[in-house]
Every structure is written in structure tokens, then in C-alpha cells.
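# Survey of secondary and tertiary structure
Listed below, chain by chain, are the residues.
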Amino acid sequence: MSAILSAATLSAAETPAKQVEQFLSRYCLECHAADVQKGDRSFDKFTLPLKTLPEVIEARDIIDQLTLREMPPKKADQPTDEERLAAIRALRAGTAAAQATLQSTGSRTVLRRLSNREYENTLATLFGRRVDTLGLTADFPKEKTARHLDTIGQSLVTSGFLVDQYFQSANRLVETRLGKPATAPQTWRFNKNFVQYEELQGSHKSAFNFRYLNLYEQPNTDTRQGGYGHIEDFRQGVPVSGLYDIEVEAAALHRDTHYDPAIFGIDLSEPFILGVVPGDITKGHIHYPQAIEPLLASSVVPDNTPTRLKFRVWLEAGQTPRFIFPNGPYESRASVITINKRYEKEFSTPVGSSGVGRSHILREGKLPHIRISEIVVQGPVAEPVGGAEEIAVFGPEGFKPERAHDQLFAFATKAYRRPLQDADRAPIRKLYEQRLAEKASPRQAALDAVKLILCSPSFLYLSEVTQENDRRLRPHDLATRLAYALWATTPDEALFASAAAGKLTDDAELKKQIDRLLADARLEGFVDGFLDSWLNMRDLGGMPPPRETNRAYYAEDLPASMKTEARLFFRDMLKENRPVNQFLQADHSFIDKKLAKLYDLPEQKTLRLADGFQKISLKGDSHRGGLLGMAAVLTVSANGVETSPVTRGAWVSENILGIKPPPPPDIVPAIEPDVSGTTTIRERLAKHSTDRACAECHRKIDPLGFSLESFDAVGRWRVNYAKPKKGPAPKIDTSGEFASGETYKDFAGFRDILHDKRDEMFTRHLIRSLLAYSTGRLMEPADEFAVDRIHDKVKQQGLGLRSLVVECLTSDVFRSR
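Residues numbered from 1 in each chain as written. Predicted model: local features only at pLDDT ≥ 70, side-chain atom pairs only at ≥ 80, totals over all residues. Heavy atoms only, no water.

### Remarks on the overall build of the protein
Inclusion rule: Where helices and strands are cited, they refer to DSSP runs of H or I of at least four residues and of E of at least two residues respectively, numbered from the N terminus. To get the radius of gyration, use the C-alpha atoms; to get the globule rule, take the number of residues to the power 0.38 and multiply by 2.2 Å. Three labels apply to residues, based on accessible area from a 1.4 Å probe with only protein chains included: buried if under 20% of the type maximum, exposed if over 50%, partly exposed otherwise in between. Should any heavy atoms of two residues lie within 4.5 Å, those residues are counted as being in contact. In this count, Lys and Arg are taken as positive residues and Asp and Glu as negative ones, while His and the chain termini are left out. To locate a charge, the coordinates of NZ of Lys, CZ of Arg, CG of Asp or CD of Glu are taken.
If you tally the helices and strands in the protein, you get 29 helices and 13 strands. Since a compact globule built from 817 residues should have a radius of gyration of about 28 Å, the 31 Å found for the protein is in line with a globular shape. Each principal axis of the C-alpha distribution contributes one length, and for the protein these read about 95 × 80 × 55 Å. Split into buried and exposed, the 817 residues of the protein put 53% on the buried side. In the protein, the share of contacts with a sequence separation of at least 24, taken over all contacts with a separation of at least 6, comes to 72%. Here the protein holds 109 positive side-chain charges and 109 negative ones, and the gap between their average locations is 2 Å.

### Examining the packing of aromatic side chains
Counted only if it meets this: Only centres within 6.5 Å qualify two rings of Phe, Tyr or Trp (six-membered ring in Trp) as a pair; their planes then separate them into stacked at under 30 degrees, edge-to-face at over 60, and tilted for everything else. The rule is short: NZ of Lys or CZ of Arg within 6 Å of the ring centre and within 35 degrees of the ring normal puts a charge over the ring.
For the structure on display, the rule yields 31 aromatic pairs. Put simply, the rings of Phe526, Phe530, Trp534, Phe569, Phe570, Phe583, Phe762 and Tyr773 pair up and form one aromatic cluster. It is Arg371 that lies over the ring of Tyr212; its NZ or CZ is 4.1 Å from the centre.

### Some points on the sheet that holds strand β8 (residues 320-324)
By way of backbone hydrogen bonds, the strands of a sheet pair with one another, either parallel or antiparallel. How we decide: Here a strand pair is declared whenever DSSP counts at least two bridges between the two strands.
Strands sit in the order β3-β8-β5-β6 across an open sheet of four strands; the sheet is antiparallel. Of all strands in the sheet, those bounded by a partner on one side alone are β3 (228-229) and β6 (297-301). Here two bridges tie β3 to β8, and the two strands are oriented antiparallel to one another. Looking at the pairing, Gly229 lines up with Phe323 of β8.

### Regarding the nonpolar core
Selection rule: In these notes, a set of buried Ala, Val, Leu, Ile, Met, Phe, Trp, Tyr and Cys residues joined through side-chain atoms within 4.5 Å is what counts as a nonpolar core.
Of all hydrophobic cores here, the largest spans 97 residues; its most connected members are Leu486 and Phe583. If near-sequence neighbours (up to four positions away) are discounted, Leu486 is found in contact with Ile514, Leu517, Leu518, Arg522, Leu523, Gly525, Phe526, Val805 and Leu809. Counting residues in hydrophobic clusters, the runner-up holds 47 residues, among them Leu215, Val240, Val276 and Phe323.

### Some words on a nonpolar patch on the surface
This is how the line gets drawn: Note that patches include only residues with greater than 30% relative accessible area and no salt bridge, and the join distances are 9 Å for like charges and 5 Å for nonpolar side chains (Val, Leu, Ile, Met, Phe, Trp, Tyr). Values of accessible area rely on a 1.4 Å probe in the Shrake-Rupley scheme; residue burial ignores everything except the protein chains shown. A pairing counts as a salt bridge when a side-chain nitrogen of Lys or Arg comes within 4 Å of a carboxyl oxygen of Asp or Glu.
On the surface, Leu53, Ile57 and Leu102 cluster together into a nonpolar patch covering about 280 Å² of accessible area. Its location among the elements puts Leu102 in helix α4 (residues 81-102).

### Considering the confidence of the model for the protein
Note the cut-off: Confidence of the predictor at the level of single residues is captured by pLDDT, which takes values from 0 to 100.
Here the protein averages 89 in pLDDT, while 92% of its residues score no lower than 70. Confidence drops under a pLDDT of 50 for residues 1-13, and excluding neighbours within four residues, the segment shows 14 contacts in the predicted structure. This stretch, residues 674-678, has a pLDDT under 50; its non-local contacts, to residues over four places away or in other chains, come to eight contacts.

Rendered as C-alpha cells:
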């Protein structure tokens, strides 16, 4: 009777605050009042709304305890399920409201620094050449993100360690690129003593006495046996940073091998490719992957006949060229072991007891590999006016001591992204004169001043000259925000000139500049950065699947193809102004040969690697089309080992619909994996969700992931789970019911519901994500009016992606502080 009365009392409560107050009074204050305080907790003054962070923490703890049914204790009076759920809902709403208030920036962007990505892009722009060969941010702290966005001011903290890294990076960049000594070109020729990885040395000495440099496998392997080929007599690397001409005599051997192609895990009908990456003996094992190894150049290697291949690459002082086989066999060691077992009788000499020897295979067999017989390195290549960096920093005539001040001020103007003030010029002038007084050469004094500029807060931060009381950004601040939104780097001359003339704040001029920036190749900075943030693509590969069950993922470098498909699709949507609901359901995509094979598309029979990515039709394809059919999304939303409707459902909720699910209580046990494979994840979830408090969230999350069980952890289509040791492979149940009542039978039906019924929710989330990415702050409740206006304008224009981007970048939110 008391339970009925209490339920009636609470259900009649007029406000969430009253509901919580009555719940605590009835079930908690006996143990947690001011005069008792069991567990050092007192709830007699606890009330909604929550006003402080400790109150939010307390509310979350109450939610956890109620969800787990750990409180009230078993011997105490228990609330009904309705009472418990009503209290949980009220407390969750209260914590969400409090977070919005406590974390609010007052709808203004917090002063933020450049992200690591923007930092490197900006330096490449200012110095006129790629800087990824230097690894300037390799030792920086890992970037913190907010909702996966790496541009949010509140998250981009600056620690003392990071400040020290800025000093070191500026010094290294300036001295390496501008402070290098004048060096006459040299020629190095290598055609012997090609010593390689330890386990290869015995076989190579026996077979050809180190006469050749052999590449046996792709770089991404576990055993590292022939994935990287270095020059043993050139381990010290080049003397100064610069352009170097590299000539390689190489041949692709035994693509026509009679050995079973499955041994190598690659398509032997494809020509072999030779790539060049930098190596540094001071940065780790020369045979292993290193943190700094961007691909510098690549070329197809002709079969059988040694051919001279020529490359011009940029190497930093101390770097040595290393050669890789990007489309090479997977795990050379395993291949050799298999060949020695299966083809032992073909060799005239014993294969040996270890099974890993290959000298007999090199002499008599048909092991596919690239053989390099000679390497010639020449450089540094002379460049006009001392190089691109000299011109970019000091102007077309290079450094002139008599014009040092003006040249430094001009560089600082570009670095600070605004006109200089006297307070900006003074420290630059002072340091330059001070270094001259200390007997430094004029050039060295100027280089030290450049380092000062690169360590200035005016460079490292997107500082604003807009006055505190002004709501709208001034032209130079608007130019900077626009450039970093669409290019992830500093404004170019045309955009800077528009700001300097005061035109950029005019609607027509802003739209004109946006159109120009969208048409530029540097838009890649936006496409990559926004997709990494919005869809969390930067985490793709962070939890890779097991090698033994996903060989192609590694052998064909599928993550690179996965990301490229998503980027090309986004770029096409932007260029053609396609409706944004095509992100949810589309009749086309962009794939290469590797993805065609992964997706089991007919194009796998016709595409070649040399064809790259091609736009293909997906009309009538119920498995692909739209983001949720892309391997990139399906892989990043899995955990690498197995799939889960909860994991993928939470990803869809947060990244597609814009609803961040509440975190589970800290002490809720994880869903136990079934190592025997006799039960499905759905059956285990049903047991996990028997508690109504748990079911409250799972009924919203799980239906967003059930249909995605049609895809494995790397996005392959499937109808059954893996076959267990005993019994048949469990069939996948892809049906589900949304919390709102819509039902679906399979992935195609689920996709239809998103496209037809959730498209506005998706569009609004996309608008919020783009505004947050471009302004550097998360959107708040007060911004919903602006989101409404943008949505209405874009809807009138057909909901095209380009229209959406333009409306966001011309909105009051984007143009305000």
C-alpha cells in the first residue's frame, strides 16, 4: 500500500526538482541526512538545479547507484521501477543542464592555440616547403579533443612541456632549413655491401655476398625481414637538408612464380612498386618503421631487367634514403617457411632445420622480390636564391642585412596573420640588435629573430585584434578563422589583402572568398581535418583487428583506402552540392581495387591498382551507399576484435544523430565475450539489459547497432557469425525496433529509416559539428536559434552540402567572437 501511495505521490510531482526531492526524502535521508551521513554523504540539501561541479558529481553518483540498484540497500524500503526511472531521468536531465552552464563559454570562442595539425600546416606554408620530414610535432603531447574535435579552444591546453617543444621545434626548423652551411653537390655510388636485417645476412652472404639490396615484403609486418632496405655504407645520411637526386637500378623478380600465390597474400598480377622514405639511425632501428617516414617518391619497377629509376626527394640532414615495397608480399619469413616445407624437393641443397634460410631459394627458386643492384645519390641540388625557404621567409632576393628589419617585419606579419603594431616590432628589433652586439653575424641574428617570431603567442595562438566589446570579428580575425576552417593554415595573399582593404566583412566579399577557398587544392586541410573530427576518422587503425584473421587489412593497407573513400565521397558531395541526406543513403561511391575486393563488387575483376580510385554506381546495392556502408565508418566504430551493437549504436547516436549517450556506471560489468562462439552478442545483450535501468539506455542505443552486425570488424558483409568449434555458425539477427516504434528487418531497412525519418536530426548535427569545428567552440543551447536559421536557409536551397558549408561560414555564429 505504501508503495502505491509513494508512486502516486511522485508521479503527481509537478517538476523534476520536486520529484528528486521527494525521492531522496523517502528513500535516502534516513541514512544520508546531516545528522547521519553514512559514507560521509548528506542529501538533505541536495536539490535541482545543480549549480556547482561537486553537485554534478554527486548527482552522477546517485544515478549510478540507482541504476545498479545498490541504493537504497536491500533491507530498506525499495522504490518501484517507475519511481526509480523517474528519479534517474530527472537527475540525468539536471546534470546535462548543469554541464551546459558550467562549461559554457558564453557563446564565445575561447582564445585557442594552433592544433598540432594546424601548426605543421602553417609552418609548411610560411617556409614554402613540406616540413613533415622533420617530425616537428612527433614529441608533442597527444592532442586533447572535445567530442573528437581538435579545434576546440577549451581542450587545446598549453603545458610547460609543450612550450619547451615549441622552442626546440622552432630552433630545429630554422637552423636546418635556413642555417645550413653552403655545401657543394656530391655524388655517392653504392653497388656492394648491401647488408640487411640480421636474419637475412647469412643467406645474403651465401647467395650473392651482399651484392644486392633485396626487398621481400611490405613495410607493415611483424617480423621485419626485408620490408626496409637501407644503404649500409650511407647510414650517416646526407650532410645537409636539401633536394637530392637518387638513381636506383632495380628489377622486379619472379612475379610469374609457380609458388602458390596465397603464400604471399598479394595480387601478383600487379606490377611491383618501389618507394623511398627517410631513415635516421639516431631515431630507432634502421630496419624497422620509424616515427618520421613520409613517402618521398615511388615508381613501378619493370620485371626481370635491371632498370634505372630516378627520384628527386627532400632529405633532412642526417637522413638516409630507405627503400620500401608498398605492395609487397605479407610476412616474408612465413612465406619462406612455407616454401621450404611445400617445395623442399625442388632444391638441390638441403633447406636446413630452421626453415627460415633462403639462400637456396635465392639461387634456385622463384621468390617474388625487388632486387636493387646499384644506388647513386647526388646533391644537394642547387636551388635559386638559396631555396624555397629563403624566398618564403626573406623575399625573392633572399636575406639582405641592410633590409633585415623590414624583412623580419614582413615575415612576422604573415606569421601573426595581421598588421604589426609597435608592440610587435619592438621585441623583434631588440633581439636582432642584441645578437649583433653579441658579435653574431647579421644572418644569424635574423635567424634568431625568426625563431622568436615562431615562439610568439601571436603566432602560436589565433589571437584576435577585435576589441572585447565588439561582437563581430574584424577583417583580419575573420580572414584567419576562415583560412583555418577551410585550409587549416594561414591566409594567403588574396585573403589577407581582402581583410586589409576592409572588404571581407561585406557579405558579398565573404561569399566570394569562401567560394575561392573551396575551389583551392588546399581544401584538403578541411576535408581531412573535419572528417577526422566529425566521424572520428583519426582513430581508424587505433584498434586494429588480429593479423591472423584479417590478413588483407595489413597486406593491402586497407585503412589508407578506407579513409580515401570517405574523403573522396565528402569532396564530391561538396563540389557537386549534393543533398546531405546522401551521407545516409547514396547510389555511388569511390573505390579502388582493394575496396572493390573487400566489398565483393564486380569492379574487383576490372580495376587495377594503377587506376586508383574510381567513382562507381551502387544503384540497387542494399549493402553499400552512404557513410554507414563504408569500411572506414564500420571499422572505426568497432573495437577491432569483435563487433557490438552497443559500440556501433553509440557511435551512430553520437556521430550521426548528435546524441551523446550517457556513460555507463563505472562499476557496471562489461558484456562478457563468448569465446566458444555458441551465443550471439544479441543474446548476451538481452541478459545484460534485463535490469530496467540498464534497459533505459540500451533500448535507445542497441537498435542503432543491430543492423550493422551485418558487417564484420573491418566492414566486410556477412550473414553469419564465425563458426564455433562445435555446431553451426550462428545466423545474425539484423532486425530491430527504434525506441520511437519504427521497426526494420535488415541494414537496408535501418538505413531507410535514418534517411526518411532522421534526416533533419542528422542535418542539424552536421551544422553544429561544422560550426564547432570552424569557430573553435562547442555549440550551446543558445546557439540553437542560429542552427534553426541555417537549417531553414539550406533547406530552401535543397540541403546541398556546399550550401550548408557556405551558410555556416557566413552565419552570425561564425563571424562573431
